[in-house]
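Inside the fold
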Amino acid sequence: MCGITAYVGDDMAVPRVLASLKKLEYRGYDSSGIAFFENEKLNVVKSVGTIDRLEERICPREKQSHIAIGHTRWATHGKANEANAHPHLSQNKSVCVIHNGIIENYLSFKSKLTNINFYSQTDTEVFANMLDVCLNQDFSTQNVLKNLNELTKQIKGSYAFAILLSSCKNKIYFAKQKSPLILGIGKNFSMLCSDESALCEKTEKVIYLQDGDYGFIDKSQAQIFHSGKETKRKQFAFNFSANCVSKCGCEFFMEKEIKEGTQSVLATLENLQSINTRRLEREMKNSKKIFVVGCGTALHAGEVFKSVLEKECGLDVILDYASEFRYKKPNIGKDSLCIFISQSGETADTLASASFAKKKGAKCLAITNVQTSRITKICPYVLKTQAGVEVAVASTKAFMAQLAALYYLVLLFAKIYNKKITFSLKNILNLCKNGNNDENFEQIAKIAQLIKDEKSLFFVGRGLDYFMAKEGALKLKEVSYIHCEAFAGGELKHGSLSLIDENTFVVCLLTQKELINKMHANIIEMQSRGAKVILISPFCELKDKVFMFVEIRQAKSSLMPFVVSRPLQELAFLCAKEKGLNPDMPRNLAKSVTVE
Ligand code: F6R
């Protein structure tokens, strides 16, 4: 979490860094800050809130600097206020640091700095002062690199640092461990960024820094060191696609990304068909146990997979939250296939779980949307989803792409075990080619208006619909701040039915033909207690029996998650919009959860 960016070069650095921060805002947006030189003086400007608010605080004169570092924050140590916002200066203002990560042992460093009056509660301010003390007034490049190497070796935790020195107007130092940091090189400039998509469009080459790397950039070069020695890292051509980080005419990224859902399914399946999966298939065949691990929406995709694989192929799947997985001491070993699902490929708990499983000898497969992410370095097998950059914090099109990759795995398992299953690749492709299921937009907009002021909502479903109900509830609560809870239809009478009265709205999903009667009975139970049922279903025979009905297309039962995703995502989006909230940046959250 948190985004960092730095620019040194011929262009004016402050606008470059501000533009880059806007693209990194999804990583955290409770406060932000920037450091640059004004004449000979190192200057820091900070603001609580969005990058726009930071920009308003910077006067045109200050935009002239040719070197700047910037940070957008998701608070870990201390409140989201100006004092805790980055950059952080050492006490005598010689060292200025931005940081993404957590220094777990910062209190032990802090206890050694008895002469420092700290103005913030952050671990980063401690690091800035530690470095300053270690440099001992010697700001030569050689001494900075030596101390950066020695000091970072003592850090427990994760960091991507960019560092300015008040005595040096042409270099930005950096160090990286377990937090992402990418180096961009162009004609007469260099950049550092948490994420490739925030590099400026003039970037020509990209270097993916490795854990333990440190060094500096200036306008004409980057020098990278590792364990005291200069090292060369492979340079990759930079492909800038303006569209991938543009709203393409929509007001919000979430709106645009929901619309891209079916396209991301098609692109993912097209890509998977073009890759050779023979080695992976061998591992799948040799695995006696299948584990699925992820967080939030990614794990909901995993739940759908578990249900479909168990039903279609009769194979058992053990599923867990990444934050719980390794603490349960799961019985995994060489005979296990562990599937890690992560849009970003940077989620700390998922990465830790993957490393844990790998150490145990399991075959690790990552399903991720980011080819260069850290999970791809841990897992020997990677299935890349093709959702394109997902900017909005709430995952929508990436969830669809995860479903696509997971259904593809079901097809591979079916082939390996010679199982006749209820769907084919062609069925999924046709389903997604034949429209985007946006025909109910008006009805969903009416529902959003109706429920926007509710304090609490229920989502209910059975079978596959239960997992999609969980996903629908997560999406709606995440962006609209309405408390939403999902229940399996049959579970209601074991306690939760007592919550239902004549003021309760319940969103029911019913897409599984064989469950019509059972689910209808649950609907009647809820309605008898006064519930206002909003039913999302292809089965129109129930249309007149509920408070509101959203008709969706009918497809094979096992493929209905592809159909029902869109109305659930739209409902969440429209509800947030109705409430005047920014669905792209829900409060307290960030896109990449890089802390455990
Ligand atoms: C919800 C959402 C989150 C993520 C979760 C995992 O809309 O986006 O629940 O799914 O934080 O993130 P990744 O997939 O990047 O590991």
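Before reading on, note that the structure itself is shown above.
Computed from a prediction, not measured in an experiment: that's the story for all the values here.

Another aspect to go through is the sheet that holds strand β18 (residues 336-342). Here we have 5 strands laid out as an open sheet, ordered β17-β16-β18-β19-β20, and parallel in their pairing. Edge positions in the sheet fall to β17 (318-321) and β20 (381-384), since each has one partner strand and no second. Sheet twist, expressed as the average angle between the axes of neighbouring strands with direction ignored, equals 20°. The pairing of β18 with strand β19 (residues 363-368) spans 6 bridges and is parallel. Following the sheet pairing, Leu-337 is matched in β19 by Lys-363. Strands β18, β19 and β20 of the sheet are contacted by helix α8 (residues 278-286), whose axis makes an angle of about 115° with β20.

Packing of helix α13 (residues 397-416) against helix α18 (residues 560-578) leaves a shortest axis separation of 11 Å and a crossing angle of 170°. Judged by the inter-axis angle, α13 sits roughly antiparallel to α18. Where α13 abuts α18, its residues Phe-399, Met-400, Leu-403, Ala-404 and Tyr-407 lie against Pro-561, Phe-562, Ser-565 and Gln-569. Each residue belonging to the contact of α13 with α18 can be placed in one class, and the counts come to 7 nonpolar, 2 polar and no charged.

Attention now goes to the packing of aromatic side chains. Geometrically, a pair of aromatic rings is defined through the distance of the ring centres and the angle of the planes. Following the criterion strictly, the structure yields 16 aromatic pairs and no others. Aromatic side chains Tyr-7 and Phe-189 sit 5.5 Å apart centroid to centroid with 20° between the ring planes, which places their arrangement in the stacked category. Remark: Phe-189 occurs in strand β10 (residues 189-193) and Tyr-7 occurs in strand β1 (residues 3-9); sequence separation between them is 182 residues. Accessibility assignment for this pair places Tyr-7 and Phe-189 in one class, buried. Judged by centre distance (6.0 Å) and plane angle (85°), the rings of Phe-325 and Phe-356 are edge-to-face. Taken as a pair, Phe-325 in helix α10 (residues 322-325) and Phe-356 in helix α11 (residues 348-359) lie far apart in primary sequence, 31 residues in all. Grouping aromatic residues by their ring pairs yields a cluster made of Phe-291, Phe-325, Phe-340 and Phe-356. The ring centre of Phe-118 lies 4.9 Å from the NZ or CZ of Lys-110, which sits over that ring. Over the aromatic face of Phe-216 sits the side chain of Lys-171, whose NZ or CZ is 5.1 Å from the ring centroid.

About the criteria used
Residues numbered from 1 in each chain as written. Predicted model: local features only at pLDDT ≥ 70, side-chain atom pairs only at ≥ 80, totals over all residues. Heavy atoms only, no water. Pairing = 2+ DSSP bridges. Helix = DSSP H or I, 4+ residues; strand = E, 2+ residues; numbered from the N terminus. Axes fitted to C-alpha atoms, helices over the stretch in contact; angles between N-to-C directions. Contact = heavy atoms within 4.5 Å. Parallel < 35°, antiparallel > 145°, perpendicular 65-115°, else oblique. Nonpolar A, V, L, I, M, F, W, Y, C, P; charged D, E, K, R; others polar. Phe/Tyr/Trp six-rings, centres within 6.5 Å; stacked < 30°, edge-to-face > 60°. Buried < 20%, exposed > 50% of the residue type's maximum accessible area, 1.4 Å probe, protein only. Lys NZ or Arg CZ within 6 Å of the ring centre and 35° of its normal.

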